[in-house]
Amino acid sequence: MVNFMKKSREPFNDTQLLMTITISIFVLMYLLAMIFLGGGFLHVQQIFDLLNDNTSLIIVACGLTIVMIGGGIDISVGAVTSLVVMSCVLYLNNGGNIFVAILLALGIGLIFGVVQGFLISYLEIQPFIVTLAGLFFARGMTTILSVNPQKVEHEGFQELMSKRIEIPWLGYTAKNGNQIPARLEIGVIIAILCVIGVFILLRYVRLGRNVYAIGGNQQSALMLGINVKRTRFLTYVISGLLCGIAGFTFMMHTGAGNATNAAGMEMNAIASAIIGGTLLTGGVGTVVGTFFGTMTLTTIKKVVVSSGLNQPYWQSITTGGMLCFFIILQSVVLKRRQKRKNV
């Protein structure tokens, strides 16, 4: 009984370890940027800008975290987000309603989640193959809708997009003496609510505990009476819905649609989840870690640019180096878990 209890708590212990390391690295990195680079890093608005620019990535990474904890993968999330953006832009420009546009975004994400989840869970097709097909299909559909960039002309949506949450006491004084308040976009609130919702789901809801169980050991989960197929199916449905939300927040941030929208977002979302402590093998991870993984990933890119290395390849090199570090860290954790099981 004691051994069983240790094994049941073990993924959460590893999750806490990896999450703590990620948060510590983010805080240390940001403090070093404040000390050696100064500038915008000295203002709270810099953190707010990181959030404003990456709301959709945070939301997509939340969904991908659930899928990866369950032992799956979804590389279609970026393309689905692009399709949602273009569909909503064209709908609004043709006299559509904002509320219906939200339902359209959720509907597109839900369709992809249901179809891909069914193929992966019930027909037992490899997740990489299914989601690769979904990626190509979503990209093709986005191009069919419009090859050219489309700006949102809907007046009501433009008004919604322009709204900001202002926090004067977190602002700063400009060189001309004007007080500039700190500003957050509405999409940031949506992203934070998604993080909180997924955290509650994984931590306190039975479905979340089942996701950890099937990601840790599918055969053991079956022996415990967990419906593995239904659980895995629901992870893809939730991921699809979050892609719909991410697409709408992306549109709220950019105010336009493009066939190349969210290009590469799936790789950034996977990187954010890995940096945040989610194991590629499943069973370990937390959405809080993913949130700080996203912040770490975007901060290192901002640091590279602020250091004068404006070429895109420097960002790729630093991102690759950081990923290597966290993958090595994960392999150490896996060996640690294996030694525990052998004791």
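See the structure shown above.
A.B. asks: Describe in detail a nonpolar patch on the surface, supporting the description with residues and values.
C.D. replies: A cluster of nonpolar residues, Ile 165, Ile 189, Ile 192, Leu 193, Ile 196, Ile 200, Tyr 204 and Val 205, forms a patch on the protein surface that exposes about 680 Å² of accessible area. Take the nonpolar patch: its biggest share by element is six residues, from helix H8 (residues 186-204). Among the secondary structure elements, Tyr 204 is positioned in helix H8. You can call Tyr 204 exposed: its relative accessible area is 54%.

A.B. asks: I'd like a description of the packing of aromatic side chains, backed by residues and values.
C.D. replies: Scanning the entire structure with this criterion turns up eleven aromatic pairs. Seen in terms of ring centroids, Tyr 313 and Trp 314 are 5.6 Å apart; in terms of plane orientation they differ by 45 degrees. Their pairing is tilted. Overall, the relative accessible area of 32% leaves Trp 314 in the partly exposed class. Here the aromatic cluster, defined as three or more aromatic residues joined through ring pairs, consists of Phe 26, Tyr 30, Phe 41, Phe 291 and Phe 292.

A.B. asks: If you had to explain the nonpolar core to someone new, which residues and values would you point to?
C.D. replies: Note that soluble globular proteins tend to have their nonpolar side chains buried in a common cluster. Counting 76 residues, the largest nonpolar core has Phe 248 and Met 251 as its most contacted members. For this core, the element with the highest residue contribution is helix H3 (residues 55-69), accounting for ten residues. In this structure Phe 248 touches Val 84, Cys 88, Ile 98, Ala 101, Ile 102, Ala 105 and Phe 157, once residues within four positions along its chain are discounted.

A.B. asks: Help me get a handle on the side chain of Glu 185, residues and values and all.
C.D. replies: Residue placement: Glu 185 occurs in strand E3 (residues 179-185). Looking at Glu 185, the relative accessible area reads 9%, which means it is buried. Ignoring anything within four residues of it in the chain, the contact list for Glu 185 reads Asn 52, Arg 164 and His 253.

A.B. asks: Before we move on, can you summarise the pattern of salt bridges with the specific residues and values?
C.D. replies: Summed over the entire model, instances satisfying the criterion amount to four salt bridges. With a closest N to O distance of 3.8 Å, Lys 229 and Glu 124 form a salt bridge. Here Lys 229 is found in helix H11 (residues 228-254), whereas its partner Glu 124 is found in the loop between helix H5 (98-121) and helix H6 (127-145), with 105 residues between them in sequence. The exposure class assigned to Lys 229 is partly exposed, which follows from its relative accessible area of 36%. Residue classification places Glu 124 among the exposed residues on the basis of a relative accessible area of 58%. For Glu 266, the salt bridge identified is with Arg 139, shortest N-O distance 3.7 Å. Of this pair, Glu 266 sits in helix H12 (residues 265-275) while Arg 139 sits in helix H6; the two residues are 127 residues apart in sequence, bridging distant segments of the chain. Judged by its relative accessible area of 5%, Glu 266 is buried.

A.B. asks: Report on the packing of H3 against helix H13 (residues 287-306), specifying residues and quantitative values.
C.D. replies: Where H3 meets H13, the axes come as close as 9 Å, and the angle between the chain directions of the two elements is 140 degrees. On the basis of the axis angle, H3 is oblique to H13. Between H3 and H13 lies a crossing whose hand is right-handed. Taken together, the residues of H13 that come into contact with H3 (itself represented by Leu 57, Ile 58, Ala 61, Cys 62 and Thr 65) are Val 287, Thr 290, Phe 291 and Thr 294. Across the contact of H3 with H13, the residue classes break down as six nonpolar, three polar and no charged.

A.B. asks: Report on the packing of helix H2 (residues 44-53) against H13, specifying residues and quantitative values.
C.D. replies: Interaxial distance between H2 and H13 falls to 10 Å at its minimum, and their mutual angle equals 110 degrees. Judged on the interaxial angle alone, H13 and H2 are roughly perpendicular. H2 and H13 meet at a crossing whose hand is right-handed. On the side of H2, the interface is formed by Gln 46, Ile 47, Leu 50 and Leu 51, while H13 contributes Phe 291, Met 295, Thr 298, Thr 299 and Lys 302. Of the residues that constitute the contact of H2 with H13, the class distribution is five nonpolar, three polar and one charged.

A.B. asks: Explain H11 residue by residue, including any values.
C.D. replies: The end-to-end C-alpha distance of H11 is 39 Å, a good match for the 39 Å that 27 residues give at a rise of 1.5 Å each. The element H11 is largely enclosed, with a buried count of 19 among its 27 residues.

A.B. asks: Explain the environment of Phe 326 residue by residue, including any values.
C.D. replies: In this structure, Phe 326 sits in helix H14 (residues 312-342). Given the relative accessible area of 3%, Phe 326 is considered buried. Between the C-alpha atoms of Phe 326 and Val 205, which are 121 residues apart in sequence, the distance is 28 Å. What Phe 326 contacts, discounting residues up to four positions off in sequence, is Thr 22, Ile 25, Ile 274 and Ile 275.

A.B. asks: Account for H13, naming residues and giving values.
C.D. replies: For H13, which comprises 20 residues, the first-to-last C-alpha distance of 28 Å matches the rise-based estimate of 28 Å (1.5 Å per residue) to within 8%. Of all 20 residues in H13, 14 are buried, a share of seventy percent or more. Two or three places before Val 288, at the opening of H13, Thr 286 has a side-chain oxygen 3.4 Å from that residue's backbone nitrogen. A positive phi of about 95 degrees marks Gly 308, the residue just after H13.

Parameters and conventions
- Residues numbered from 1 in each chain as written.
- Predicted model: local features only at pLDDT ≥ 70, side-chain atom pairs only at ≥ 80, totals over all residues.
- Heavy atoms only, no water.
- Patch = residues over 30% accessible without salt bridge, like charges linked within 9 Å, V, L, I, M, F, W, Y side chains within 5 Å.
- Areas by Shrake-Rupley, 256 points an atom, 1.4 Å probe, with all protein chains shown as cover.
- Salt bridge = Lys/Arg side-chain N within 4 Å of Asp/Glu carboxyl O.
- Helix = DSSP H or I, 4+ residues; strand = E, 2+ residues; numbered from the N terminus.
- Buried < 20%, exposed > 50% of the residue type's maximum accessible area, 1.4 Å probe, protein only.
- Phe/Tyr/Trp six-rings, centres within 6.5 Å; stacked < 30°, edge-to-face > 60°.
- Core = buried A, V, L, I, M, F, W, Y, C linked by side-chain atoms within 4.5 Å.
- Contact = heavy atoms within 4.5 Å.
- Axes fitted to C-alpha atoms, helices over the stretch in contact; angles between N-to-C directions.
- Parallel < 35°, antiparallel > 145°, perpendicular 65-115°, else oblique.
- Left-handed = near helix turned anticlockwise from the far one by under 90°.
- Nonpolar A, V, L, I, M, F, W, Y, C, P; charged D, E, K, R; others polar.
- Expected span 1.5 Å × (residues − 1).
- Polar contact = N/O pair within 3.5 Å; in protein donor to acceptor, adjacent residues only side chain to side chain.

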